[in-house]
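Results of the structural survey
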Amino acid sequence: MALPISACLALGALAIFFMRERFGFGRPAKLHGLLVGVFFGLIAVLVVNFPVTIPLGATFDTRAGPAMLAGFFAGPIAGVTCGVIAAAARYWIGGPSVFGGTLSPLVYAAVGIAAGHVVFTRLRRRPGLADFVLIALAGTLFALPCFFIDRGFAIGLTILSSAWHLLIVGNVAGVAILGMLAEGVRRSLLSHDETGRSLTMLDLARQSAKIAVWHYDFTKDCLEWDEAMFRLYDVDPKHFGGRFADWTACVLPEDLDAASAEFRQARDSGERFSSRFRIRHRDGSIHWIQAYAQCNLDTMRKPFEAIGVNWDVSEHKQLEYNLRAKEKEARERTTELEGMLASMRQGVMLFDADDRLQIWNRQALQLFGLKDNVLRAGMPHEAVVEARIAADGQFASTLPNPRTLRGTLKDERIWRLKSRNKNGAIIATTLSPIPGDGWVETHEDITDLEEATERVRIAAETDALAGLSNRAVFSRALKESIEAARNGTAKPFLLLVDLDRFKAINDRFGHIKGDRLLVEVARILSLAAGASDVVARLGGDEFAIILKQGDIAEAEMLAARLVEQVSRPHVLEGTTVQPGVSIGIVAMDEATTDPETLLVYADAALYKAKSEHMAGYRIFDAEVRQALLTRRRIETGLAAAIAGDVLEIWFQPVTDLADNHVCAYEALARWPQPGGGFIPPGDFIPVAEETGLVDKIGCLALERGLEAMRDWPAGTHLSLNTSPRQFGKGTLVPAIAAALDRHGIAPDRVELEVTENLLIDGSPEVIGELDALTRLGVGLVLDDFGMGYSSLNRLHRYHFHGLKIDRGFILRMEEDATSAAIVSAIAGLARSLGMRCTAEGVETPAQLALVRQAGCDQAQGYLLGRPSPNEQTAPVAEAAS
């Protein structure tokens, strides 16, 4: 009887394994439940057919195991199916207790279903041996009334009193063994998820479920193996004698003593045998075997049989070895982590999914001012917060509470914030989600970094020399002010400030004094502006003020105050300088478009202020707007005029006062208009300089002048005006040399008139080009002498051939004795330096007489000849002779 029961239990284990492999032990499907119920029902049919007969004609079998475990593992469908099959089988067998025996499988199934619901659904845990024992006992208890159904209470009680131990032991053994086998399979599969091994669950389950069943009769020393045992031990059935010694021969000698001792102990006590040992296959391979058995005692408390199962657990042992290796590695990693945490600059706190503190380091304690014994592992977040508040309430109060934090971390967002602790240090805090629904906090003292960053920001936003905001800050502030003006929330003004005569001061007194002047001007602007206003240095001697709020009167008052304070004399380390200043003012309103347009308007007002030849300010109004539009039309039309060969080159004669003959012609650009008249050179030449078109105009004057020289008398010179913008590019000298060579004109017949502004620049490129022109043989004439800041050193350095006295002195000679004296002094200076002196702007006979008297060598003006498209000029006045 025992052997069939053992075979049935083994078949049950295989059936459970098959069902697990095919359908899984999760929430059972209906088909799964039905099939499991059928399999367990078939086991129960086999069990019912091999009952144990007890006194008074009653029979006993282990149908409780299949019925209860079917409902336990696979749910109601399986339990009811198995119970019905078992009940039908019991009813078919018949006997004196047929109705009670028929009802008991259904009771066992109900108990199994209830137990499975409690363990898997309510408790959500794995069942163990104790659970299966309790299930067996519970099933036995609930099935007791079935003993009284057929033959009454008295006889049923008699039967129970004589066979209760068989009932209990059989049910417990059947349920426990079959349940543990099934649970062992289930646990072996789940263990792979826990260890994280990459082997698939299907392969592990298939290998771990190779269960072999054996039976041993102590009285006969008869050992029986099923086919799986022979495969497991790699033993040829032909050479198997069926004795206990056949088993001991398979076990490695070093494991035999321990395994035999455990088996003998179980035999003598009638307890369960469990052992792990190694065997050697015929190919020499070593395998670990897990053995489970139940030793049964007879009524004399002597062992008479043992029923057990074996399976190969070599992989499990390997897993255990790997787990121990992983544990060792984890301990080593923990040590490394502790060392890393101790060496980190950041304070670290790690909380798990239950909001409990798991990891922290000393830096975190120090940043929060916590003592070493305040925190402990598993401490709730609320308690940690209370401890932090008690130590540093200001710092801790800035951190989010768990509810707010959970909402952020749920979206996998990172929480970042900065705050100060009680010592004033700036602490950067980062709260980041981690796998497992926890989070980690990092806290770092970034005071030095913040201070360095602030220094970098200030350096990036501040002009290094003046200490004012730089252009980048000004641009952002201008955009903000424009937006405020559009929204009607403010009425800001832009003041564009530019120093006059700064280049001359810088050149005369040196860059150090020039820088000191810029610093002083920056100080004046900062003190004059309001606290909310933006004062910036845009570059060079150009500044800007954004008046955030005010009206036009306030803007004019500020500009007038700046003109008065900047234009006064300034003493810079013992040197007195007196610059001028020009200011352009533009208002911002709802119609303001963009910063670029606003700057154009302010620059137009500034240009207008400068053109008035006196320190002051100018508001962008209708007049300035019209001048700007005119200037834009000139910019647009000038390029087309040059490309379309519209510009004309006229020539004005220069008279030699010694013999009243024309000694040279000055080439002058004229821009005729379609409707008649001309655009004055004073209007389009500055535009040409700013747009770069002055180079083309210069080339045009050079070409036309050289062409006209073919018809001039020998010795007549060509005088060409130049702009400082033509120098320093490296193109002027080659262009002149090529033109002279192309037209066959001697270089000494061409003179270039340069202004004092070019000399003030004094860059190496400009000096090199002036020297190259001298080497080429082209004459150099200093134009408008007396109006700038030229020094005698420059006159000598650049080898000028002549000077042209500014027309302003000539116009005032008749009424102003000082102007006449200046003209005489300049003429004398020119003679002393070996240069010829030319008076410009001679328009009356009296002026001509005065320049003769002053000692000028040449004269030029409307009296002597107006500019014309050809070389013909008006005759010299008789009075001049």
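Residues numbered from 1 in each chain as written. Predicted model: local features only at pLDDT ≥ 70, side-chain atom pairs only at ≥ 80, totals over all residues. Heavy atoms only, no water.

Bringing the overall build of the protein chain into the picture now. Each helix and strand counted, the protein chain has 32 helices and 28 strands in total. Looking at the protein chain as a whole, 47% of its 881 residues qualify as buried. For the protein chain, restricting intrachain contacts to residue pairs at least 6 apart in sequence, the fraction spanning at least 24 positions comes to 62%. Surface summary for the protein chain: the accessible area is close to 42,900 Å², and the carbon and sulfur share equals 56%. (Helix = DSSP H or I, 4+ residues; strand = E, 2+ residues; numbered from the N terminus. Buried < 20%, exposed > 50% of the residue type's maximum accessible area, 1.4 Å probe, protein only. Contact = heavy atoms within 4.5 Å. Areas by Shrake-Rupley, 256 points an atom, 1.4 Å probe, with all protein chains shown as cover.)

Okay, helix α18 (residues 471-487) next. Helix length check: α18, at 17 residues, gives a terminal C-alpha distance of 24 Å against a target of 24 Å (1.5 Å per residue), a fit within 8%. Looking at α18, one finds that the buried residues are Val473, Phe474, Ala477, Leu478, Ser481, Ile482, Ala484 and Ala485. The arc enclosing the buried residues of α18, seen along the axis, measures out at 165°, which places them on a common side. Of the exposed residues in α18, the ones pointing more than 90 degrees away from its buried face are Lys479, Glu480 and Asn487. Tucked into the core, α18 has its buried residues touching α17 (447-461), β13 (493-500), β14 (534-539), β15 (542-547) and α22 (595-611). (Expected span 1.5 Å × (residues − 1). Arc of directions from axis to C-beta.)

Looking now at the sheet that holds strand β12 (residues 438-445). Taken together, five strands build an open sheet; the order of strands is β9-β8-β12-β11-β10 and the sheet is antiparallel. Pairing within the sheet leaves two strands with one partner each, and these edge strands are β9 (357-360) and β10 (415-420). Adjacent strand axes in the sheet meet at a mean angle of 20°, parallel and antiparallel pairs treated alike. By the bridge criterion, five bridges tie strand β8 (residues 347-351) to β12 in an arrangement that is antiparallel. The partner of Phe351 across the bridge, within β12, is Trp439. (Pairing = 2+ DSSP bridges. Axes fitted to C-alpha atoms, helices over the stretch in contact; angles between N-to-C directions.)

The subject of this paragraph is the pattern of salt bridges. Tallying each qualifying case throughout the model produces 27 salt bridges. Its salt-bridge partner being Arg278, residue Asp255 comes within 2.7 Å of it at the nearest N-O pair. Of this pair, Asp255 sits in helix α11 (residues 253-269) while Arg278 sits in strand β5 (residues 272-280), and the two are 23 residues apart along the sequence. Asp255 sits in the buried class, given a relative accessible area of 13%. In this structure, the salt-bridge partner of Asp268 is Arg267, at a minimum N-O distance of 3.0 Å. The exposure class assigned to Arg267 is partly exposed, which follows from its relative accessible area of 26%. Three or more residues are tied together by salt bridges with common partners; here these are Lys608, Arg618, Asp621 and Glu623. (Salt bridge = Lys/Arg side-chain N within 4 Å of Asp/Glu carboxyl O.)

Moving on: the packing of aromatic side chains. One pass over the full model with this rule turns up 25 aromatic pairs. Considering the side-chain rings of Phe72 and Phe73, the 5.0 Å spacing of their centres and the 85° angle between planes classify their relative orientation as edge-to-face. When sorted by exposure, Phe72 lands in the same class as Phe73, which is buried. One aromatic cluster is present, built from ring pairs that chain together Trp214, Tyr216, Phe218, Phe244, Trp247, Phe263, Phe273 and Phe277. Taking the ring centre of Tyr862 as reference, the NZ or CZ of Arg866 above it sits at 4.1 Å. (Phe/Tyr/Trp six-rings, centres within 6.5 Å; stacked < 30°, edge-to-face > 60°. Lys NZ or Arg CZ within 6 Å of the ring centre and 35° of its normal.)

What follows deals with the sheet that holds strand β6 (residues 286-297). A sheet is described by the order of its strands in space; here five strands give the open sequence β4-β3-β7-β6-β5, paired in antiparallel fashion. Where the open sheet ends on each side, the last strands, each with one partner, are β4 (222-225) and β5. Going across the sheet, the axis of each strand differs from the next one's by a mean of 25°, ignoring polarity. Where strand β3 (residues 211-217) lies against strand β7 (residues 303-312), seven bridges are found, and the strand directions are antiparallel. Considered in β7, the bridge of Tyr216 is made with Ala306. Against the sheet, α11 engages β3, β5, β6 and β7, with an angle of about 160° to β5.

Our next topic: the pairing of β13. Of all eight residues in β13, eight are buried; the element is thus mostly enclosed. Burial along β13 is two-sided: Phe493, Leu495, Val497 and Leu499 facing one way and Leu494, Leu496, Asp498 and Asp500 facing the other are all buried. Inspection of the sheet shows β13 paired to strand β18 (residues 580-587) by eight bridges, in the antiparallel sense. The partner of Asp498 across the bridge, within β18, is Ser582. Relative to β15, β13 is paired through six bridges, and the arrangement is antiparallel. Looking across to β15, one finds that Asp498 is bridged to Glu542.

Moving on to the environment of Gly128. Within the fold, Gly128 resides in the loop between α5 (98-123) and α6 (129-143). Among the residues examined, Gly128 registers a relative accessible area of 14% and is labelled buried. On a C-alpha basis, the gap between Gly128 and Met180 in space is 7.2 Å, while along the polypeptide they are 52 residues apart.

Once that is clear, we can look at the confidence of the model for the protein chain. Mean pLDDT for the protein chain: 82, with 84% of residues reaching 70 or above. Mean pLDDT across the elements of the protein chain bottoms out in helix α8 (residues 201-208) (45) and peaks in strand β28 (residues 858-860) (96). Predicted confidence is poor over residues 20-27, with pLDDT under 50, and the contacts of this stretch with residues over four places away or in other chains come to 14 contacts. In this model residues 198-207 is a low-confidence stretch, pLDDT under 50, and it forms 14 contacts with partners more than four residues away in sequence or in other chains. (pLDDT = per-residue confidence, 0-100.)

Right, let's talk about unusual backbone geometry for a bit. Notably, Asp645 is not glycine yet its phi reads approximately 60°, a positive angle. Mapping Asp645 onto the fold places it in the loop between α23 (622-643) and β20 (648-656). The backbone phi angle of Asn660 is positive, close to 60°, even though this residue is not glycine. As for its position among the elements, Asn660 is in the loop between β20 and β21 (661-672).

This part is about the packing of helix α26 (residues 732-743) against helix α28 (residues 764-776). For the pair α26 and α28, the least separation of the axes is 9 Å and the interaxial angle reads 20°. Compared by their axis directions, α26 and α28 come out roughly parallel. Classified by chirality, the crossing of α28 by α26 is right-handed. Judged by residue contacts, Leu732, Val733, Ile736, Ala737 and Leu740 of α26 engage Glu769, Ala772, Leu773 and Leu776 from α28. Here the contact of α26 with α28 is built from residues that sort into eight nonpolar, no polar and one charged. (Parallel < 35°, antiparallel > 145°, perpendicular 65-115°, else oblique. Left-handed = near helix turned anticlockwise from the far one by under 90°. Nonpolar A, V, L, I, M, F, W, Y, C, P; charged D, E, K, R; others polar.)

Turning next to the pairing of strand β23 (residues 717-721). Sheet topology note: the β21/β23 ladder contains four bridges and is parallel. Looking across to β23, one finds that Ala664 is bridged to His717. When β23 meets strand β24 (residues 750-754), the two strands line up parallel, connected through four bridges. Paired with Leu720 across the strands is Leu752, a residue of β24. In terms of handedness, the path from β23 via α26 over to β24 forms a crossover that is right-handed. (Right-handed = clockwise from strand over helix to strand, strands pointing away.)

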